[in-house]
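Now for the letters of each chain:
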Amino acid sequence: MRGLFITFEGVEGCGKTTQIERLRQHLEAQGHTVLMTREPGGTPIAEAIRELLLDPAHDALSPAAELLLYEAARAQHVDERIRPALESGTTVLCDRFADSTTAYQGAGRGLPREELEHLHRIATGDVWPDLTIVIDLPVEAGLARARARGRADRMEQQDVAFHERVRQGFLELAARNPERVRIIDGTQSIDEIAAAIRALLAGLLTARA
Ligand code: T5A
């Protein structure tokens, strides 16, 4: 059977990486084979594109160039890692995917949604998440967590209004896709969020059995 494809989304510092690691441990303990990966990145070529995209020195990057680089990294990632893993029955847990482009380059930068959707189809082919978890957190709280780690990357350096549009973009995306995209309150403790994610997943696994 094709593996499950689960993506994690949200504003900067919302706790995705922490929760993906928790879920990986939980699923592996249940006997699942799991691939943990991230966007932009996940393959050597896509990680090289990530360096380009997040380097604060690249503040001249145009919105269109930014969009195409995120999609280029995704196309490589899907072809080289995600599709083969899913076809071999592996559960894929991915830190950000196409919904981040819809929120950041669409809601954040103001690029038209129909154009983004066309590019998503080119980059992802038929590979689309079974479940997307948006960890929703007030922007200031997430940015404070991210900045506590050190120097802000190029995207973290965008102003608060940009990140507010991104947060709204995720909330609207969930409202448009209630079957696939689920919101979890990111102000809860790490344990509470992990429990909520396990409950969502249990429902999905039961529905598939
Ligand atoms: N981007 C990405 C686009 O613009 N378009 C796209 O198409 C794609 C794919 C990627 C950047 O690129 C943008 C989005 C991003 O700006 P990134 O480094 O991957 O850059 O950035 P993030 O995905 O935002 O990753 P972060 O590591 O910053 O955030 P996480 O993974 O959400 O948060 P996490 O788990 O590392 O936690 C951050 C801190 O908070 C603590 C953790 O211990 C950690 O210290 N924490 C909590 N504290 C209190 N309560 C909780 N519940 C907590 N959960 C975690």
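Rules used throughout
Residues numbered from 1 in each chain as written. Predicted model: local features only at pLDDT ≥ 70, side-chain atom pairs only at ≥ 80, totals over all residues. Heavy atoms only, no water. Helix = DSSP H or I, 4+ residues; strand = E, 2+ residues; numbered from the N terminus. Expected span 1.5 Å × (residues − 1). Contact = heavy atoms within 4.5 Å. Salt bridge = Lys/Arg side-chain N within 4 Å of Asp/Glu carboxyl O. Buried < 20%, exposed > 50% of the residue type's maximum accessible area, 1.4 Å probe, protein only. 1 Å grid on protein atoms, 1.4 Å probe; cavity = no way out; pocket = protein on both sides within 12 Å on 5 of 7 lines; lining within 4 Å. Points joined across faces, edges and corners; volume = space filled by probe spheres on them. Nonpolar A, V, L, I, M, F, W, Y, C, P; charged D, E, K, R; others polar. Near = heavy atom within 4 Å. Polar contact = N/O pair within 3.5 Å; in protein donor to acceptor, adjacent residues only side chain to side chain. Areas by Shrake-Rupley, 256 points an atom, 1.4 Å probe, with all protein chains shown as cover.

What to know about helix α8 (residues 190-208)
With 19 residues, α8 extends 27 Å between its outermost C-alpha atoms, agreeing within 8% with the 27 Å of an ideal straight helix rising 1.5 Å per residue. At its buried positions, α8 is contacted by β1 (5-9), α1 (16-29), β4 (131-136) and β5 (181-185).

A word on the pattern of salt bridges
Tallied over the entire structure, the rule returns 17 salt bridges. The salt bridge involving R38 is made with E47; its shortest N-O contact spans 2.7 Å. On the basis of relative accessibility, which here comes to 34%, the residue R38 falls in the partly exposed class. Exposure remark for E47: the relative accessible area of 23% places this residue in the partly exposed category.

Concerning empty space enclosed by the protein
The probe, sized like a water molecule, is rolled over the atoms to show the empty space still left. Throughout the structure, instances matching the rule amount to two cavities of 30 Å³ or more. Its volume calculated, the largest cavity comes out at about 40 Å³. Contributions of two or more residues to the lining of the largest cavity are made by α1 and α8. With four residues, the single largest contributor to the lining of the largest cavity is α1. Looking at the lining of the largest cavity, its residues break down into three nonpolar, two polar and two charged. Size it by volume and the second largest cavity reaches roughly 30 Å³. Around the second largest cavity, the lining residues are G10, V11, V134, I135, D136, L137, R167 and F170. Mapped onto the lining of the second largest cavity, the elements with two or more residues apiece are β4 and α7 (160-176). At three residues, β4 tops the list of elements feeding residues into the lining of the second largest cavity.

Digging into the site of the ligand
In the region of the ligand, 26 residues are neighbours, and E12, K16, T17, T18 and T101 sit closest. A distance of 2.9 Å separates an oxygen atom of the ligand from a polar atom in the side chain of R50. Residue Q105 places a side-chain N or O atom 2.9 Å away from a nitrogen atom belonging to the ligand. Protein chains shield 83% of the accessible area of the ligand, which is 1000 Å² for the free molecule. Every element with two or more residues in the shell around the ligand is listed here: α1, α2 (44-54), α3 (63-87), α4 (98-108) and α8. Here the residues of the shell around the ligand are counted per class, giving eight nonpolar, nine polar and nine charged.

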